[in-house]
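# Coordinate inspection notes
What follows is each chain in one-letter form.
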Amino acid sequence: MKIALLGYGKMGKVIERIALERGHEIVLKKDESNTYDGLSTADVAIDFSVPTAAVSNISNAFNNNVPVVSGTTGWLEHYDEMAALCNEKQTGFISSSNFSLGVNIFFELNEYLAKIMSQFDTYKVTMEEIHHTQKLDAPSGTAISLAKGVIENSNYANWTLDEAKNNEIHIEAKRIGDVPGTHTVNYESTVDSIELKHTAHNREGFALGAVIAAEWLAGKKGIYSMKDVLNLK
């Protein structure tokens, strides 16, 4: 399979290594210094860039009829626009805040726990996320996905980085050293605490999940999620 890498930073280089190990060919390594030459020959594009480049990367791929796996966060105000372009060009799209297989299992556990805990108003939910100091957006896309998972399965209405109201989930975002990503969902009452936590040890899990998603998406049309890739629906 021919893969175009849209974004060639730390994650792009890990994705490249894993893709090559799995027998794929890299036809483009796009960064700010080069063009999209080679994109049209790709079977699928993997976008791990920055928020300011994501829309350009994704739209260029779609306009070349190349399906996209996007792990860039911080650009989702343009998601509907990109989804519409995907459908117009009749290609494929997966956008996820986190492609790690473990994190996507964590998402499922989070939603299941939220359904249970919604019956008990004595517990207050809070979240914490810790990432490396080079991460540009806060809170992380993964933390936002976790908050949405709780909101959709409870009486909470919103999340906030500030002091939370009764129907809001407080997210504490920390930027420390070279931490790949740690996410904690905490339910606290006056008598006990329940904690759900995922800790990434390195970037390998994110990269492997993105390559697996690309393998799954190649040749497909439509908009999908990691639930489809991992058959979690």
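For the structure itself, look to the data block above.
Residues numbered from 1 in each chain as written. Predicted model: local features only at pLDDT ≥ 70, side-chain atom pairs only at ≥ 80, totals over all residues. Heavy atoms only, no water.

### Quick word on the sheet that holds strand E1 (residues 2-6)
- Here six strands make up an open sheet; going across it, the order is E2-E1-E3-E4-E5-E11 and the pairing parallel. Two strands close off the open sheet at either side, each with one partner strand: strand E2 (25-30) and strand E11 (222-224). Ignoring which end each strand starts from, the neighbouring axes of this sheet average 15° apart.
- Direction of pairing for E1 relative to strand E3 (residues 44-47): parallel, over a ladder of four bridges. Pairing of Ile3 across the sheet is with Val44, part of E3. (Pairing = 2+ DSSP bridges. Helix = DSSP H or I, 4+ residues; strand = E, 2+ residues; numbered from the N terminus. Axes fitted to C-alpha atoms, helices over the stretch in contact; angles between N-to-C directions.)

### Regarding unusual backbone geometry
- Ala138 connects to Pro139 through a cis peptide bond whose omega is 0°.
- Mapped onto the secondary structure, Pro139 falls in the loop between strand E6 (124-131) and helix H5 (141-151).
- Here the phi dihedral of Asn65 falls at roughly 60°; this positive angle occurs in a residue that is not glycine.
- Inspection of the secondary structure puts Asn65 in the loop between helix H2 (51-63) and strand E4 (68-70).
- Although it is not a glycine, Gln90 adopts a positive phi angle of roughly 55°.
- Mapped onto the fold, Gln90 is located in the loop between helix H3 (79-89) and strand E5 (92-95).
- Among the residues examined, Gln90 registers a relative accessible area of 54% and is labelled exposed. (Buried < 20%, exposed > 50% of the residue type's maximum accessible area, 1.4 Å probe, protein only.)

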